[in-house]
Amino acid sequence: MSDAPSNRSDRLWMYTTMVKSRYFEALIKPAYFEGKTPVFNMAKGPLPGEMHLSDGQEPCAVGVCAHLRPGDTVTATHRPHHVAIAKGVDLDAMAAEIFGKASGLSGGRGGHMHLFDARVNFACSGIIAQGLGPAVGAALASKLRGEDHVAVAFLGEGAANQGAFHEALNLASVWKVPAVFVIEDNSYGISVAKRDCTAVERNSDRAAAYAMPGHFVAGNDADTVYRIAGEAIARARRGEGPSLIEIETCRLEGHFMGDAEGYRPKGEVDRLKAADPIPAYRQRLLADGFEAGELDKAEAEARAAVDAAFAAARAAAYPQPEEAFAHVFA
Amino acid sequence: MSSPDAPTVIAPARRLTIARAIAEAIGQEMERDATVLVMGEDIAKLGGVFGTTTGLLDKFGPERVRDTPISETAFIGAATGLAAAGMRPIVELMFVDFFGVCMDAIYNLAAKQCYFSGGQVTCPMVLMTSVGGGYGDAGQHSQTLYATFGHLPGLKVVIPSNAHDAKGLMLAAIRDPNPVVFMYHKALQGMGWLGTVQRSITDVPDADYLVPLDKAKVVREGKDLTLVGLGLSVHQALDAAERLSGEGVSAEVIDLVSIAPLDRQAVRASVRKTGRLLAIDDDYLSYGVGAEILASVCEAGIALRSAPQRIAFPDIPVPFTPVMEHFVLPNADKIVAAVRHMMEPSAND
Ligand SMILES: Cc1ncc(C[n+]2csc(CCOP(=O)(O)OP(=O)(O)O)c2C)c(N)n1
Ligand SMILES: [Mg+2]
């Protein structure tokens, strides 16, 4: 594979991190439906509220985050699990947060759309394109302090039509900050297809309007994302300014759990599942000389970490209700 | 009167959810008035995340039922331009929490178009949005923000508590020459996946009818105290009133229906009769709907038999975890407890 990164340990990490993320969500699925059957009611069960899964989008998270350190900032979206896991967010505390427990990242105040782990500079949000401004700010702070930290904002292709996207790109370029904007193009914003709401075929073309490099990454492949993201992040670290990357990916599940997905053409999900990027990547690694036993062992460790996180989250105590009043102000 | 042997023709009762009632009102008005169009995220193919536009795309086509990009500033701004150009746009932004990104188009543009132009240009548009929490969707998807909109001059703001009112209010809102913010509460919407307060599902006439945008309703008569609510809190107040009647307390319940304009006279008339006032809403407490209700009564100098009270969401963001969220949300238990306290002799001097 000419495209394959030479760094063997990064490739193993990308694979196992994708497996970890996928397995994390595999455990969320049955837990989410607990208490929500036979009548689906979003308020019920141990995981109330909306739940946005990232199955299929793992290559975006790992290909980018493989280049990041704890000191780099990542802002993510309403669909945050894969990115959070790849950024090294504390898995136990993240699971506990999603279950609304006292031991969660935010003591249960934030939930699945509001995961914050200051230890690794990760945050996410439920408002479309909200993370871009903060990423520009984090990048400017790094620049002002003379550090080489970068900031990466993840967003969906639908978010590229939000005003904040355009304002943030312009600002990042004018200030020449070390920021990278990563669009996960899964073809849909809820029910609305990209082609029905976006004036350009590729959002990466929009980079030209803000005088920054724009890359389109086809194929939903971790190695390709790794290569392109590596260039953009290195460029930012060198102080040469921001970049925009759009990654062609796919959403294997509904927009949120319980979505009937009537807007999808027939057979689309089957087609996408047949091209699932994780088994495909495993095949590639095997073809490139990785041992099956080595991959199996790494997978098993990843799954065990997730199992442990879920077991602990389920067993953990809920916070005291009065805790609702803490942390409104510093 | 029909004679005993003649078969009585009774129109079959059509019980609709608020979602269905809204969609029906919009569809009927689109048929009647070619200037009406709907736009927003996921309103065409999907029929609205909360079912408010179900079936409209099939019936009216993509010119009049438009899915938009996630570009709220642009499409809500465009709605004000459409309105100025003589069209009657209905715009949906699915959660009130999302209005932060496009507030300028609403409070500086839609709300002021008529005034700034000295009445030359009007802004007949409806902005509909869902409000409310209680289902674990956390602090960017669970707010109500009634008072935020009620506070802004130039906007009318209505909140239906049941399907009958939803249809009549929507028809009135579309025909009104002003921007109307139409807030529907998720706990009442009748979407299967959200659970629904059954009382919000009502008989809805097929016919065209209007529910005034500026009139509160007495939905239960009583003599000992007045409970004032809107949207979901109307139902909580009714539940509380039912329980209180078992304790010998007769509570009158007012459904505000609209907060801008606010029907202060209806509230005052009731409190003049009962002498006690408790206002309930699920928006943040401070500077809120309850404060406005209490002020309306106090300013009128109405003699009260106990200090007026309000129950609202405390001044904190909406927490995700259900143990915290349900602890802070208003409910019928809290209303009953507050009323018992207000009815104690010591509270009445
Ligand atoms: C400002 C704002 N508008 C609308 C929404 C509702 N909303 C939530 S997710 C979503 C679609 C987002 O699409 P995309 O950016 O492609 O991300 P994806 O869901 O595909 O990951 C929309 C419209 C929101 N959360 N915030
Ligand atoms: Mg998308």
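Note that the structure is a prediction, hence the values are computed from the model and not measured. (Residues numbered from 1 in each chain as written. Chains lettered and ligands numbered in written order. Predicted model: local features only at pLDDT ≥ 70, side-chain atom pairs only at ≥ 80, totals over all residues. Heavy atoms only, no water.)

K.L.:
Outline the overall build of chain B, supporting the account with residue identities and numerical values.
P.N.:
Looking only at helices and strands, chain B features twelve helices and 14 strands. The globule rule puts the C-alpha radius of gyration for 349 residues at 20 Å, and the 21 Å found for chain B is close to it. Overall, the C-alpha framework of chain B stretches about 65 × 65 × 45 Å when taken along its three principal axes. A total of 349 residues make up chain B; the buried ones form 59% of that total. Sequence-distant contacts, at least 24 apart, represent 81% of the contacts inside chain B between residues at least 6 apart. Element-wise, carbon and sulfur atoms account for 57% of the exposed surface of chain B, whose accessible area totals about 13300 Å². Of the charged side chains in chain B, 29 are positive and 39 negative; the average position of the first set lies 4 Å away from that of the second. (Helix = DSSP H or I, 4+ residues; strand = E, 2+ residues; numbered from the N terminus. Rg over C-alpha atoms; globule rule 2.2 N^0.38 Å. Buried < 20%, exposed > 50% of the residue type's maximum accessible area, 1.4 Å probe, protein only. Contact = heavy atoms within 4.5 Å. Areas by Shrake-Rupley, 256 points an atom, 1.4 Å probe, with all protein chains shown as cover. Lys, Arg positive; Asp, Glu negative; His and termini not counted. Charge placed at Lys NZ, Arg CZ, Asp CG, Glu CD.)

K.L.:
Give a detailed account of the sheet that holds strand β4 (residues 88-95) of chain B, specifying residues and quantitative values.
P.N.:
Residues and elements named next belong to chain B. Here we have seven strands laid out as an open sheet, ordered β3-β2-β4-β5-β7-β6-β12, and mixed in their pairing. With partners counted over all chains shown, the strands left at the sheet margins are β3 (65-67) and β12 (258-260), one partner each. Direction aside, the axes of adjacent strands within the sheet are offset by 20° on average. Bridge count for β4 against strand β5 (residues 126-131) is four bridges, and the pairing is parallel. Considered in β5, the bridge of F95 is made with S130. Across the sheet, helix α1 (residues 18-32) lies against β2 (36-40), β3, β4, β5 and β7 (180-185), angled at about 135° from β2, the strand it touches most. (Pairing = 2+ DSSP bridges. Axes fitted to C-alpha atoms, helices over the stretch in contact; angles between N-to-C directions.)

K.L.:
Quick rundown of the packing of helix α9 (residues 264-274) of chain B against helix α10 (residues 289-299) of chain B? Include the residues and the values.
P.N.:
All names here are of chain B. Two numbers describe how α9 lies on α10: the axes approach to 10 Å, and their chain directions differ by 65°. At the point where α9 passes α10, the crossing takes the right-handed sense. The residues of α10 that touch α9, namely those facing R264, V267, R268 and V271, are E292, I293, S296, V297 and E299. When its residues are assigned to classes, the contact of α9 with α10 shows four nonpolar, one polar and four charged. (Left-handed = near helix turned anticlockwise from the far one by under 90°. Nonpolar A, V, L, I, M, F, W, Y, C, P; charged D, E, K, R; others polar.)

K.L.:
Kindly report on empty space enclosed by the protein, identifying the contributing residues and their values.
P.N.:
Where empty space is left in the structure can be found by rolling a water-sized probe over the atoms. Overall, the coordinates contain two cavities of 30 Å³ or more when judged by the stated rule. In this structure, the largest cavity encloses a volume near 80 Å³. Along its surface, the largest cavity is lined by 14 residues, and P48, E50 and H112 of chain A together with G136 and F320 of chain B are the ones closest to its centre. Per-class residue counts for the lining of the largest cavity are seven nonpolar, five polar and two charged. Within this model, the second largest cavity holds a volume of roughly 30 Å³. Taken together, V228, G229, L230, L256, A279, I280, D281, V289, G290 and I293 of chain B form the lining of the second largest cavity. Within the residue set of the lining of the second largest cavity, elements represented by two or more residues are β10 (225-229), β13 (277-284) and α10 of chain B. (1 Å grid on protein atoms, 1.4 Å probe; cavity = no way out; pocket = protein on both sides within 12 Å on 5 of 7 lines; lining within 4 Å. Points joined across faces, edges and corners; volume = space filled by probe spheres on them.)

K.L.:
Can you tell me about the confidence of the model for chain B, naming the residues and giving the values?
P.N.:
Averaged over chain B, the pLDDT score is 95; the fraction of residues at 70 or greater is 96%. Scored below 50 in pLDDT, residues 1-7 of chain B makes one contact in the model with residues more than four places away or belonging to other chains. (pLDDT = per-residue confidence, 0-100.)

K.L.:
Report on the packing of helix α10 (residues 277-287) of chain A against helix α11 (residues 292-315) of chain A, specifying residues and quantitative values.
P.N.:
All names here are of chain A. Axis separation between α10 and α11 bottoms out at 10 Å; the angle between their running directions is 140°. Looking at the two axes, α10 sits oblique to α11. On α11, the residues that touch R282, L285 and L286 of α10 are A292, L295, D296 and E299. Residues of the contact of α10 with α11, tallied by class, amount to four nonpolar, no polar and three charged. (Parallel < 35°, antiparallel > 145°, perpendicular 65-115°, else oblique.)

K.L.:
Give me the coordination of the magnesium ion (ligand 2): which residues, what numbers.
P.N.:
Note on metal sites: the ideal angle is 109.5 degrees for four tetrahedral donors, and 90 or 180 degrees for six octahedral donors. Residue and element names in this part refer to chain A. Looking at the metal site, the magnesium ion (ligand 2) is ligated by E157 (OE), E157 (OE), N186 (OD1) and Y188 (O), spaced 2.1 to 2.8 Å from it. One way to put it: the six donor atoms around the magnesium ion (ligand 2) meet at angles of 50 to 176°, and that makes the site irregular. All donor residues of the magnesium ion (ligand 2) come from one chain, and their arrangement in sequence is E-x28-N-x1-Y. In this pair, E157 is assigned in the loop between β4 (151-156) and α6 (163-175) and N186 in the loop between β5 (179-185) and β6 (188-189), connecting sequence segments 29 residues apart. Accessibility expressed as a relative area gives 2% for E157, which makes it buried. (Donors = N, O, S within 2.8 Å, 3.2 Å for Na, K, Ca; no water. Tetrahedral: all angles 85-135°; square planar, octahedral: opposite > 155°, others 65-115°.)

K.L.:
Account for the interface of chain B and chain A, with residues named and values stated.
P.N.:
Counting from both sides, the interface comprises 38 residues of chain B and, opposite them, 43 residues of chain A. For the pairing of chain B and chain A, the buried interface totals around 3100 Å² over both sides, and the portion due to carbon and sulfur atoms is 66%. The largest per-residue losses of area from chain B upon contact with chain A belong to I70, F320 and M324 of chain B, which jointly make up 21% of the total buried on that side. The interface formed by chain B and chain A contains 14 residue pairs in polar contact (both at pLDDT 80 or more). Only β4 and α11 (322-328) of chain B provide two or more residues apiece to the side of chain B that touches chain A. If one sorts the elements of the side of chain B that touches chain A by residue count, α11 of chain B sits on top with five residues. (Buried area = accessible area lost by both parts, 1.4 Å probe. Polar contact = N/O pair within 3.5 Å; in protein donor to acceptor, adjacent residues only side chain to side chain.)

K.L.:
Give me the lowdown on the site of ligand 1, citing residues and values where you can.
P.N.:
H78, R79, G126 and N186 of chain A together with E72 of chain B are the nearest of the 21 residues found near ligand 1. Chains contributing residues near ligand 1 are chains A and B. In this structure, an oxygen atom belonging to ligand 1 sits 2.8 Å away from a side-chain N or O atom of R79 of chain A. E157 of chain A places a polar side-chain atom, nitrogen or oxygen, 3.0 Å from an oxygen atom of ligand 1. (Near = heavy atom within 4 Å.)

K.L.:
Lay out unusual backbone geometry in plain terms, naming residues and giving numbers.
P.N.:
The linkage connecting T37 of chain A with the following residue, P38 of chain A, adopts the cis geometry, with an omega of 0°. Across the junction of A260 of chain B and P261 of chain B, the peptide omega takes the value 0°, indicating a cis bond. Examined against the element boundaries, P261 of chain B turns out to sit in the loop between β12 and α9. Although it is not a glycine, V257 of chain B adopts a positive phi angle of roughly 65°.

K.L.:
Describe in detail the pattern of salt bridges, supporting the description with residues and values.
P.N.:
All names here are of chain A. Counting across every chain of the model gives 42 salt bridges over all chains. Among the salt bridges present, the one from R314 reaches E34, with a minimum N-O distance of 2.6 Å. Taken as a pair, R314 in helix α11 and E34 in the loop between α1 (8-33) and α2 (58-65) lie far apart in primary sequence, 280 residues in all. The network of salt bridges with shared partners includes R11, D221, D223, R284 and D288. (Salt bridge = Lys/Arg side-chain N within 4 Å of Asp/Glu carboxyl O.)

K.L.:
Any chance you could break down a nonpolar patch on the surface for me, citing the residues and the numbers?
P.N.:
There is a patch of nonpolar side chains on the surface, built from L171, V174 and W175 of chain A and spanning about 280 Å² of accessible area. Note on placement: V174 of chain A falls in helix α6. (Patch = residues over 30% accessible without salt bridge, like charges linked within 9 Å, V, L, I, M, F, W, Y side chains within 5 Å.)

K.L.:
Can you lay out the domain arrangement of chain B for me, pointing to particular residues and giving the numbers?
P.N.:
Residue and element names in this part refer to chain B. Split into domains, chain B comes out as domain 1 (15-203) and domain 2 (217-348). Of note, the centres of domain 1 and domain 2, computed from C-alpha atoms alone, are 26 Å apart. With 30 residues of domain 1 in contact, the opposing surface of domain 2 contributes 26 residues. For the domain 1 face of the interface with domain 2, the top three residues by lost area are Y146, I159 and R199, together amounting to 25%. The interface formed by domain 1 and domain 2 includes two salt bridges. For K217, the salt bridge identified is with D165, shortest N-O distance 2.6 Å. Taken together, the connections running from domain 1 to domain 2 amount to 20 residue pairs in polar contact (both at pLDDT 80 or more). Those elements giving two or more residues to the side of domain 1 that touches domain 2 turn out to be α6 (146-150), β6 (156-158) and α7 (163-175). Ranked by residue count, the leading element in the side of domain 1 that touches domain 2 is α6, at four residues. Considering only residue class, the side of domain 1 that touches domain 2 consists of 14 nonpolar, 13 polar and three charged. (Domains from an automatic or database assignment.)

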